[in-house]
Protein chains: 2
Amino acid sequence: MTTPHLPALLISIPEGVIDLGWGHPSARLHPAAALAAAADYALGGESPIPLQYGAVQGFGPFLEALADFLSGQAAVGGPVKPETLFLTAGASQAIDMAATLFAKTDDTVYVEEPTYYLIGRIFLDHGLNIIGVPTDADGLNTDALAEMLSDGAIPAPRLLYTIPTYQNPSGAVLPLQRRRHLIELARRYGFTVIADEVYQLLHYGPPPPPPLAMLDDAPDAAGSGAGVISLGSFSKILAPGLRLGWVQASPGIIGRFVDSGLAFSGGGLNHFGATLAHAMLELGLLSDNLDNLRRVYGQRMDAVGDALSTELAGLVDFAKPGGGYFLWLTVRDGADTVALLPTANEAGVSYRPGADFSASGGFGNALRISIALYESEELAVAVRRLASILR
Amino acid sequence: MTTPHLPALLISIPEGVIDLGWGHPSARLHPAAALAAAADYALGGESPIPLQYGAVQGFGPFLEALADFLSGQAAVGGPVKPETLFLTAGASQAIDMAATLFAKTDDTVYVEEPTYYLIGRIFLDHGLNIIGVPTDADGLNTDALAEMLSDGAIPAPRLLYTIPTYQNPSGAVLPLQRRRHLIELARRYGFTVIADEVYQLLHYGPPPPPPLAMLDDAPDAAGSGAGVISLGSFSKILAPGLRLGWVQASPGIIGRFVDSGLAFSGGGLNHFGATLAHAMLELGLLSDNLDNLRRVYGQRMDAVGDALSTELAGLVDFAKPGGGYFLWLTVRDGADTVALLPTANEAGVSYRPGADFSASGGFGNALRISIALYESEELAVAVRRLASILR
C-alpha cells in the first residue's frame, strides 16, 4: 500500500475538460525567468537584507518603488505616497486582518450580491454575520445600500466588502459617482469599506475610475473607524504563489495594520517576497510583465466575447468587461447551473455556478467563466461546448 | 526638503551599542548562497509550480519532505506524518489564525509569566483577555495551572499559549511529565494549547523532550476544541525574511486550518517560500545549515555563560539553557532594568527589560539577552559592559 501524495497545487481539473471555473493565470504567463533574475539580484550579492526580519510596514525601498509605480498607472489616477501603503502576504490576508482589527465576533459585514465565492469563509471564520447588498450592471447599488443603512430593522455593518473594479464574478465597474457615494455612506454610518481591487491594473482599454482609497480625502478616519481600505495584489500582475499584496489607506488605518501583533512579530508579512518584487521593479520587469498580461488577456477577452456572441446569442445575457478575469453569464429563467455541471463536464467544459457567489441562494441561473487559465483557441472551444449544452 | 526613507528592516541599533535585546540571527548566518541555489533549482526549469496558487494545506512535496526531515530529528523523537502538518507564513501567523479559528472576542487566553513580549499584541488584536500562569525553572507550572482551572473565580481559558522548549525569555524547558500533565488538563477543561516550539531543533547538546503534538495521542480532539497545536518555524533554522513555518496537530485540527477562508483563498499561506525550502531540503542544504547553526550558537552560548560566570558572579542569577536564543538574568531585588537602560546604552550595551515579558507588571529586576545576533567576542564585550553598570 502506498500513501497517496499530497497535492502540490490548489487547482485540479478532470482529464479532457476545459475548466473555465478557475481564476488562475495560465502557466506560460508566470514570469519564471524574470523572477529567477530577480532572485539572483536580491540574493546574488549575499546581502543580509532579504533574509532578515523586515520592517513592519513592509520593505521600505519597495514601498517607495511601489508608490512610484502606482503613481504612474492610469488606473490609479494620481500620486501615491509610500506612507499610505502597507505590504501584506496577499489580498486574502489583508481581508482577514481587517476582520481581526476592525470587527469583533457577531459584528455584521455587508457584501455584494453576487460576490467572491470564498469571502464568506473568511468572514465566518471571524464569527461575523453576512448580509448581501444588491448590485446591478454598475456594481454595488449604493442607493439600495443607503436605504438598508437607514432601515433600523437591518443590522448596521461594521465592515462592507466590495470589488469595485472588474467585479468577481460579474465584471462590473463601479462608476466614480457611486464610489464617492459609498465613501460618504461609510463616513456617515461609521463603517469600514474593504475595497478588493486586485484587478484594478488589468484594464484592456480605457482605465477604470481610481481606487477607493484615492477618493477618501478625509484627513484621518481611523479614530471613527469610518474609512476605506483599498487592496492590491501581485497575484494578478506577477505570480499568485508569491503571496504578496498591499493595502492603501489613510495613514491612520495604515497605522493600525503596522501596530498589529501579527505584522510586528513577523517583521512584516512577506519580507522576502517584497525584496523579489522590488528587484522586478528595479530591473523594469514588472512593467514588462503587466504590459504582456494586458495584451494577452485583452485578446482572450475579445475572443471569448466574440465566441459568446456567435455561439450563445439569445441563450445567455452577458456584458464583456473592459478588464479583469471574469465574465458573468445569465442563462434563461429557471435554468439551474449547478444541476447542469455534470452534463457540462461530459461535454468537456466546466464553469463556476452562480449560486457559489451568493450569500442568499440567488443566481441559480448564472455562471462565471474566467479567461485567465486558457489560450484564446481553447476558450473558443470551451464556449462551443457550453453552447452545445445550453442550446 | 527630502522625504525620510522608510526602513528596510525591523531592527535598529544605536551606533556603538551592542544590543543584546534583539532575537535576530546575525547576517553571516543567513544562508544567502544556499537560498540562491534553491531559487535556481525551483525557478530555473521554468516550472509553472512555484508561482501558481498552491495547495491549501501547503505544497504537497514539501509537506512530505518536511515530515521526513522532522522524523529524523532527535528533538522530535518519532515519525511525523505529512497529514499532521500545515504550512504557514511563520509561527506568528499560526498563532493569529488559532486566535481566529479557536476563540472569539472576549474569550480568555492563558500565557506564561514571563512570556514572549509580542504575544500580547496578537491576542489583544483579537479582543481576548490575557491571564498569566506562573512558571519556574522548569517552565509552566502545571500544578499552579491545575489550581487556577479548578478555581471557579478565574475565567476559564479557551486558549493557552506556551513556549515549552528553550522558553522566550527564560530559556526553560518543560519536562516530559509536565507536557503530559498540560495535555491532560487541556482535554479535561476543553481548551486549545498553542505550543510555540520555534527553538525545538536548536539544541546544543542533548535534545529536549518531544513537541507537544507528538504527545497528544487522542484520536481527534477537534470537535471538543481540546487539543494541542505545535508550531515550528523556518525563521530560526533558515531565514526569518522567508516567513515560513508549520503547524503540527491532529488531523482534525489541521482540517480546521485547511478549511479556513484565508488559506483556501490564497492557495496556501506561503507557497513560493515552501518551494524554496523544499529545494533546500532536496539539495541537502537545510541539514547543513542546521548543523552550522547548532555549532555556532552552541559556542556562543558557552562564551556568554563563561563571561556571565566570570563577570557577573553574585550580581545576577541565571541558568545557561541547552538551546535556543535567550538567557534570562535576574538582578538583585529592587533593581529596575527599565530605569537602567539609558545607563546601559551609555556604556555601549543594551538588552530587553524583564517587564516587557509580563502581563502583570512583574520581572522588574530581570532582563533578557540573546546570543543570536553577535559573535562570541562581541558577546563577551557586551557582558563586561553589563557588569560595569550592574556592579
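Model, not experiment: these values are computed from the prediction. (Residues numbered from 1 in each chain as written. Chains lettered and ligands numbered in written order. Predicted model: local features only at pLDDT ≥ 70, side-chain atom pairs only at ≥ 80, totals over all residues. Heavy atoms only, no water.)

**Q** How should I be thinking about the overall build of chain A in this particular structure?
**A** Counting its secondary structure elements, chain A contains 13 helices and 14 strands. What you see for chain A is a C-alpha radius of gyration of 21 Å, in line with the 21 Å of a compact globule of 391 residues. Projected onto its principal axes, the C-alpha positions of chain A cover 60 × 60 × 55 Å. Look at the contacts in chain A between residues 6 or more apart in sequence, and 75% of them connect residues 24 or more apart. Total accessible area on chain A stands at roughly 13300 Å², and carbon and sulfur atoms take up 52% of it. Of the side-chain charges in chain A, 23 are positive and 39 negative, and the distance between the mean point of each set is 2 Å. (Helix = DSSP H or I, 4+ residues; strand = E, 2+ residues; numbered from the N terminus. Rg over C-alpha atoms; globule rule 2.2 N^0.38 Å. Contact = heavy atoms within 4.5 Å. Areas by Shrake-Rupley, 256 points an atom, 1.4 Å probe, with all protein chains shown as cover. Lys, Arg positive; Asp, Glu negative; His and termini not counted. Charge placed at Lys NZ, Arg CZ, Asp CG, Glu CD.)

**Q** Hey, could you run me through the sheet that holds strand S9 (residues 245-248) of chain A in this one?
**A** Strand pairs in the sheet, formed through backbone hydrogen bonds, run parallel or antiparallel to each other. All names here are of chain A. Spatial ordering of the open sheet is given by S2-S9-S8-S7-S6-S3-S4-S5, a layout of eight strands whose pairing is mixed. A strand with exactly one partner marks an edge of an open sheet, and here the two such strands are strand S2 (85-88) and strand S5 (139-140). By the bridge criterion, six bridges tie strand S3 (residues 108-113) to strand S4 (residues 129-136) in an arrangement that is parallel. Bridge pairing links valine 109 to isoleucine 130 in S4. Against the sheet, helix H2 (residues 60-71) touches S2 and S9, its axis set at about 110 degrees to S2. (Pairing = 2+ DSSP bridges. Axes fitted to C-alpha atoms, helices over the stretch in contact; angles between N-to-C directions.)

**Q** Is there a simple way to think about the environment of valine 173 of chain B in this case?
**A** Within the element layout of this structure, valine 173 of chain B appears in the loop between strand S6 (159-162) and helix H6 (176-189). Those residues in contact with valine 173 of chain B, other than ones at most four positions away along the chain, are Asp138, Pro164, Tyr166, Arg179, Pro208 and Pro209 of chain B.

**Q** What is the right way to look at the nonpolar core in this model?
**A** In a soluble, globular protein the nonpolar side chains are often hidden away together inside. Counting residues in each nonpolar core, the largest one holds 235 residues, and the members touching the most others are Phe123 of chain A together with Phe123 of chain B. Once residues lying within four places of it in the same chain are set aside, the contact partners of phenylalanine 123 of chain A are Ile95, Ala99, Val109, Val111, Leu128, Ile130, Leu159, Tyr161 and Ile194 of chain A. Core analysis: the next-biggest nonpolar cluster, separate from the first, contains 21 residues, Ala146, Ile183, Leu215 and Val228 of chain A among them. (Core = buried A, V, L, I, M, F, W, Y, C linked by side-chain atoms within 4.5 Å. Buried < 20%, exposed > 50% of the residue type's maximum accessible area, 1.4 Å probe, protein only.)

**Q** Mind showing me how you'd approach the packing of aromatic side chains here?
**A** The geometry of an aromatic ring pair comes down to the distance between the two centres and the angle between the two planes. Counted under the stated rule, the structure contains 28 aromatic pairs over all chains. Relative to tryptophan 246 of chain B, the ring of phenylalanine 234 of chain B lies with its centre 5.1 Å away and its plane at 65 degrees, an arrangement referred to as edge-to-face. Here tryptophan 246 of chain B lies in strand S9 (residues 245-248) and phenylalanine 234 of chain B lies in the loop between strand S8 (227-233) and S9, a separation of 12 residues in the sequence. Exposure class is identical for phenylalanine 234 of chain B and tryptophan 246 of chain B. Each is buried. Ring pairing ties together the aromatic residues Tyr116, Tyr117, Trp328, Phe357 and Phe363 of chain A, which thus form one cluster. Above the face of the phenylalanine 264 of chain B ring, arginine 121 of chain A is positioned so that its terminal group lies 4.4 Å from the ring centre. For arginine 352 of chain B, the ring lying beneath its charged end belongs to tyrosine 117 of chain B, and the centroid distance is 4.1 Å. (Phe/Tyr/Trp six-rings, centres within 6.5 Å; stacked < 30°, edge-to-face > 60°. Lys NZ or Arg CZ within 6 Å of the ring centre and 35° of its normal.)

**Q** So what exactly am I meant to see when it comes to the relation of the copies chain A and chain B here?
**A** Mapping between the two copies of the chain is achieved by a rotation about an axis and a shift along the axis. It takes a turn of 180 degrees to lay chain A on chain B, together with a shift of 0.0 Å along the axis; the resulting RMSD is 0.0 Å. Both copies are brought into coincidence by an operation consistent with a two-fold rotation axis. Considering only C-alpha atoms, the residue of chain A closest to the rotation axis is threonine 105 of chain A, which sits at 2.7 Å. (Least-squares fit on C-alpha atoms with pLDDT ≥ 70 in both.)

**Q** What am I meant to see in helix H8 (residues 251-258) of chain A here?
**A** Among the residues making up H8 of chain A, those that are buried are Gly252, Ile253, Ile254 and Phe257 of chain A. On its buried face, H8 of chain A sits against S2, helix H3 (91-102), strand S8 (227-233), S9 and helix H9 (261-266) of chain A.

**Q** What am I meant to see in the side chain of asparagine 365 of chain A here?
**A** Residue and element names in this part refer to chain A. Relative to the helices and strands, asparagine 365 resides in the loop between strand S13 (352-353) and strand S14 (366-370). With a relative accessible area of 15%, asparagine 365 lands in the buried category. Residues within four places of asparagine 365 in sequence aside, it is in contact with Leu329, Thr330, Val331, Arg332, Asp333, Ala335 and Thr337.

**Q** In this structure, what is going on with the confidence of the model for chain A? I would like to understand it.
**A** Residues at a pLDDT of 70 or more form 97% of chain A, whose mean pLDDT is 95. Complex prediction metrics read pTM 0.97 and ipTM 0.96. (pLDDT = per-residue confidence, 0-100.)

**Q** Which parts of the structure should I look at to understand the interface of chain A and chain B?
**A** Reports of interface size often rely on the accessible area that becomes lost once the parts have come together. Listed as interface residues are 74 residues of chain A and, on the opposing side, 74 residues of chain B. Counting each side, the surface lost to burial between chain A and chain B is near 6300 Å², with a carbon and sulfur contribution of 63%. Summed over the shared surface of chain A and chain B, the result is two salt bridges. The tally of links between chain A and chain B comes to 37 residue pairs in polar contact (both at pLDDT 80 or more). (Buried area = accessible area lost by both parts, 1.4 Å probe. Salt bridge = Lys/Arg side-chain N within 4 Å of Asp/Glu carboxyl O. Polar contact = N/O pair within 3.5 Å; in protein donor to acceptor, adjacent residues only side chain to side chain.)

**Q** Got a minute to help me understand the packing of H3 of chain A against H8 of chain A in this structure?
**A** All names here are of chain A. Relative orientation of the contacting elements H3 and H8 amounts to 95 degrees, with a least axis distance of 10 Å. The orientation of H3 relative to H8 falls into the category roughly perpendicular. In this structure, H3 contributes Ala94, Met97, Ala98, Leu101 and Phe102 to the contact, and H8 contributes Ile253, Arg256 and Phe257. Partitioned by chemical class, the residues of the contact of H3 with H8 number seven nonpolar, no polar and one charged. (Parallel < 35°, antiparallel > 145°, perpendicular 65-115°, else oblique. Nonpolar A, V, L, I, M, F, W, Y, C, P; charged D, E, K, R; others polar.)

**Q** So what exactly am I meant to see when it comes to the pattern of salt bridges here?
**A** When charged atoms on two side chains of opposite charge get close, those side chains can pair. In this structure the tally under the stated criterion is 22 salt bridges over all chains. Across the pair arginine 256 of chain B and aspartate 125 of chain A runs a salt bridge whose closest N-O atoms are separated by 2.9 Å. With one member in each of two chains, arginine 256 of chain B in helix H8 (residues 251-258) and aspartate 125 of chain A in helix H4 (residues 119-125) form a pair that bridges those chains. Classification of arginine 256 of chain B as partly exposed rests on a relative accessible area of 27%. We classify aspartate 125 of chain A as buried; its relative accessible area is 12%. What emerges from the salt-bridge pattern is a single network uniting Arg28, Arg300 and Glu375 of chain A.

**Q** Hey, could you run me through the domain arrangement of chain A in this one?
**A** Residues and elements named next belong to chain A. Domain parsing of chain A yields domain 1 (18-31 + 287-390) and domain 2 (39-284). Taken over C-alpha atoms, the centre of domain 1 sits 26 Å from the centre of domain 2. The interface is formed by 30 residues belonging to domain 1 together with 26 residues belonging to domain 2. In total, domain 1 and domain 2 occlude about 2400 Å² of area from one another, counting both sides; carbon and sulfur atoms represent 61% of this. (Domains from an automatic or database assignment.)

**Q** Could you clarify how one ought to interpret the environment of alanine 8 of chain B in this entry?
**A** Secondary-structure assignment places alanine 8 of chain B in the segment before strand S1 (18-19). Placed 146 residues apart in sequence, alanine 8 of chain B and isoleucine 154 of chain B show a C-alpha to C-alpha distance of 44 Å. With sequence-adjacent residues up to four places away left out, alanine 8 of chain B is seen in contact with Ile49, Gly54, Ala55, Phe59, Gly60, Pro61 and His271 of chain A.

**Q** Would you mind showing me how to read the sheet that holds strand S13 (residues 352-353) of chain B here?
**A** All names here are of chain B. Within the open sheet, the four strands sit side by side as S10-S11-S14-S13. Their pairing is antiparallel. Looking along the sheet, the strands with just one partner apiece sit at the ends: strand S10 (316-317) and S13. Across five bridges, the pairing between strand S11 (residues 326-331) and strand S14 (residues 366-370) is antiparallel. Paired with phenylalanine 326 across the strands is serine 370, a residue of S14. Sheet strands touched by helix H13 (residues 376-390): S10, S11 and S14. Its angle to S14, the strand with the most contacts, is close to 165 degrees.

**Q** Is there a simple way to think about the side chain of serine 92 of chain B in this case?
**A** By the secondary structure assignment, serine 92 of chain B is in helix H3 (residues 91-102). Setting aside chain neighbours within four positions, we find serine 92 of chain B in contact with Leu262, Ser265 and Gly266 of chain A together with Ile122 of chain B.

**Q** Any chance you could explain the pairing of S3 of chain A here in plain terms?
**A** The two faces of the sheet receive side chains in turn, since in a regular strand these alternate between them. Residues and elements named next belong to chain A. Of all six residues making up S3, six are buried, and the element is well covered by its neighbours. In the classification by handedness, the crossover that spans S3, the intervening H4 and the parallel S4 is right-handed. Of the pairings in the sheet, the one linking S3 to strand S6 (residues 159-162) comprises three bridges and is parallel in character. Of the residues in S6, the one forming a bridge with valine 109 is leucine 159. (Right-handed = clockwise from strand over helix to strand, strands pointing away.)

**Q** How should unusual backbone geometry be read in this particular structure?
**A** Glycine aside, residues mostly have negative phi, and peptide bonds are mostly found in the trans state. Backbone torsion omega between glutamate 113 of chain A and proline 114 of chain A reads 5 degrees, so that peptide bond is classified as cis. Considering the arrangement of structural elements, one finds proline 114 of chain A in the loop between S3 and H4. At aspartate 106 of chain B, a residue that is not glycine, the phi angle is positive and equals roughly 80 degrees. One can find aspartate 106 of chain B in the loop between H3 and strand S3 (108-113). Positive phi is not limited to glycine here, since phenylalanine 363 of chain B has a value of about 65 degrees.

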